[in-house]
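# Notes for the structure review
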Amino acid sequence: KGPYRLKGKRIPVICRIFAIADKFYDLTDPEGEHKLDRKKALAALMDYSGTLLDPELVFAFISTMDKGKAAVDALLEEHLGKYQTKKRRFRLSKA
């Protein structure tokens, strides 16, 4: 409940989205208390889903993160593939 005693769907959607983003940042902040990697932080968001966070928006957030990461990895692979040499190969992290 917030200062206006709102809960569930009565909380504006933008506030529910910010709550998810804020929690994800809190979980992954290297200087923060939790310092989780991306995969563990997404799992933690799933744990908070339905209690602290909107389950539908958590699902959307996680699926967007996965699609975004896959797209970025594909672009990096394509881009870096042009500049690889026999002596030196670039490796992409599988975070």
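In case you missed it, the structure is sitting above this.
So, here's what we can say about the structure. Note that the structure is predicted; figures quoted are calculated from it, not measured.

### Section: the nonpolar core
Ranked by size, the top nonpolar core spans 12 residues in total: I20, F24, L27, A41, L42, A44, L45, L53, L57, V58, F61 and I62. Contributing elements (two or more residues each) for this core: helix 1 (13-28), helix 2 (38-48) and helix 3 (55-81). Once you skip the residues sitting within four places of it in the chain, L57 turns out to touch V13, R16, I17 and I20.

### Description of the packing of helix 1 against helix 2
The N-to-C vectors of helix 1 and helix 2 enclose an angle of 135 degrees; their axes lie 9 Å apart at closest approach. Judged on the interaxial angle alone, helix 2 and helix 1 are oblique. Our pair here, helix 1 against helix 2, has a crossing hand that is right-handed. Here helix 1 contributes I20, K23, F24, L27 and T28 to the contact with helix 2, which in turn contributes R38, A41, L42, A44, L45 and Y48. Residues belonging to the contact of helix 1 with helix 2 are distributed by class as follows: eight nonpolar, one polar and two charged.

### Quick word on helix 1
For helix 1, spanning 16 residues, the distance from its first C-alpha to its last is 23 Å, which sits close to the expected 22 Å at 1.5 Å a residue. Residues of helix 1 that are buried include every one of R16, I20, K23, F24 and L27, and no others. Along the long axis of helix 1, the arc covered by the buried residues comes to 100 degrees, so they all point the same way. Turned more than 90 degrees off the buried face of helix 1, the exposed positions are F18, D22 and Y25.

### Examining the pattern of salt bridges
Scanning the model with the defined rule gives four salt bridges in all. Among the salt bridges present, the one from K9 reaches D54, with a minimum N-O distance of 3.4 Å. Pair noted here: K9 is in the segment before helix 1 and D54 is in the loop between helix 2 and helix 3, with a separation of 45 residues, a long-range link. With relative accessibility at 56%, the residue K9 sits in the exposed group. With its nearest N and O atoms 2.5 Å apart, the salt bridge here joins D54 to R16. Residue D54 is located in the loop between helix 2 and helix 3, and its partner R16 is located in helix 1; the two are separated by 38 residues in the primary sequence. Residue D54 is classed as buried on the basis of its relative accessible area of 11%. Owing to a relative accessible area of 14%, R16 belongs among the buried residues under this scheme. Several salt bridges share partner residues, and in doing so they unite K9, R16, D54 and E56 into one network.

What counts, and at which threshold
- Within each chain, residue numbers correspond to sequence positions counted from 1 in written order.
- Only residues with pLDDT of 70 or above have their local features reported here, since the model is predicted, and side-chain atom pairs are shown and tallied only from 80 upward, although totals for entire chains, interfaces and linings are computed over all residues.
- Heavy atoms from the whole structure form the basis of all side-chain values; hydrogens and water molecules are not counted.
- Here, the term nonpolar core denotes a set of buried Ala, Val, Leu, Ile, Met, Phe, Trp, Tyr and Cys residues that are joined through side-chain atoms within 4.5 Å.
- Only protein chains enter the area calculation, which uses a 1.4 Å probe; residues under 20% of their type maximum are buried, those over 50% are exposed, and those in between are partly exposed.
- Starting at the N terminus, helices and strands are each numbered in turn, a helix being any DSSP run of H or I of at least four residues and a strand any DSSP run of E of at least two.
- Any pair of residues with heavy atoms lying within 4.5 Å of one another is described as a contacting pair.
- Interaxial angles span 0 to 180 degrees and are taken between N-to-C directions of axes, which are lines fitted to C-alpha atoms, for helices over the stretch in contact.
- Note on terminology: angles under 35 degrees are roughly parallel, angles over 145 are roughly antiparallel, angles of 65 to 115 are roughly perpendicular, and the others are oblique.
- In this scheme the crossing of two helices becomes right-handed for a clockwise turn of the near helix relative to the far one and left-handed for an anticlockwise turn of less than a right angle.
- Basically, the charged four are Asp, Glu, Lys and Arg, the nonpolar ten are Ala, Val, Leu, Ile, Met, Phe, Trp, Tyr, Cys and Pro, and anything else, Gly included, counts as polar.
- Here, expected helix span is obtained from the residue count minus one, scaled by 1.5 Å.
- By definition, the arc is the one covered by directions from the helix axis to the C-beta atoms.
- A side-chain nitrogen of Lys or Arg and a carboxyl oxygen of Asp or Glu constitute a salt bridge if their distance falls within 4 Å.

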